[in-house]
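Commentary on secondary and tertiary structure
Each chain, written out:
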Amino acid sequence: QVQLVESGGGLVQAGGSLRLSCTASGLPFGDYAMGWFRQAPGKEREGVQCISSSGGSVYTADSVMGRFTISRDNAKNTLYLQMNSLKPEDTAMYYCAADLLGRQIIARMSPTDFGYWGQGTQVTVSS
């Protein structure tokens, strides 16, 4: 079965960095669009960054533009999220997601478009 396993979350001070990883199994990783989403307590899940299957197209939420970088290594079945200049408002549970999507759909960065999800990794940024 499909499994997505996130790692790399933790507690960091404002201005610090973290690198999240998501390792996939049970699917042809190189065929799937991937995304990072986050959900803070009391808030809806939101798209952070999404990437096409080849890695050639990336979509980014305004709130993380210039600070976060999504990447993928299709040979290792792994998705990454490099997070720099972290802010307290970045505190949330971070999830990776996968699905077979065209670029127009990926660009929406809508959680409802993605069918496969990991269990999440907590990121907490202290002020």
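Report on the accompanying structure.

The rules we used
- Residues numbered from 1 in each chain as written.
- Predicted model: local features only at pLDDT ≥ 70, side-chain atom pairs only at ≥ 80, totals over all residues.
- Heavy atoms only, no water.
- Buried < 20%, exposed > 50% of the residue type's maximum accessible area, 1.4 Å probe, protein only.
- Helix = DSSP H or I, 4+ residues; strand = E, 2+ residues; numbered from the N terminus.
- Pairing = 2+ DSSP bridges.
- Salt bridge = Lys/Arg side-chain N within 4 Å of Asp/Glu carboxyl O.

Observations concerning the pairing of strand β4 (residues 33-39)
- In terms of burial, β4 is a largely internal element, six of the seven residues being buried.
- Note that β4 and strand β9 (residues 92-99) share seven bridges and pair antiparallel. Bridged to Met-34 within β9 is Ala-98.
- Taken together, the five bridges between β4 and strand β5 (residues 46-51) define a ladder with antiparallel strand orientation. Bridging across to β5, Phe-37 finds its partner in Gly-47.
- Counting the residues that bridge the hairpin from β4 to β5 gives six residues, and of these Gly-42 lies at a positive phi of roughly 80°.

Re the pattern of salt bridges
- Using the criterion set out here, one finds four salt bridges in the structure.
- The closest approach of N and O atoms between Asp-90 and Arg-38, which form a salt bridge, is 2.9 Å. Of this pair, Asp-90 sits in the loop between β8 (78-83) and β9 while Arg-38 sits in strand β4, placing them 52 residues apart in sequence.
- Since its relative accessible area comes to 1%, Asp-90 is described here as buried.
- By relative accessible area, which is 6% here, Arg-38 ends up buried.
- The partner of Arg-67 in a salt bridge is Asp-90, and the shortest N-O contact between them spans 2.8 Å. With a gap of 23 residues between them, Arg-67 in the loop between β6 (58-60) and β7 (68-73) and Asp-90 in the loop between β8 and β9 connect regions that are remote in the sequence.
- By relative accessible area, Arg-67 is classed as buried at 9%.

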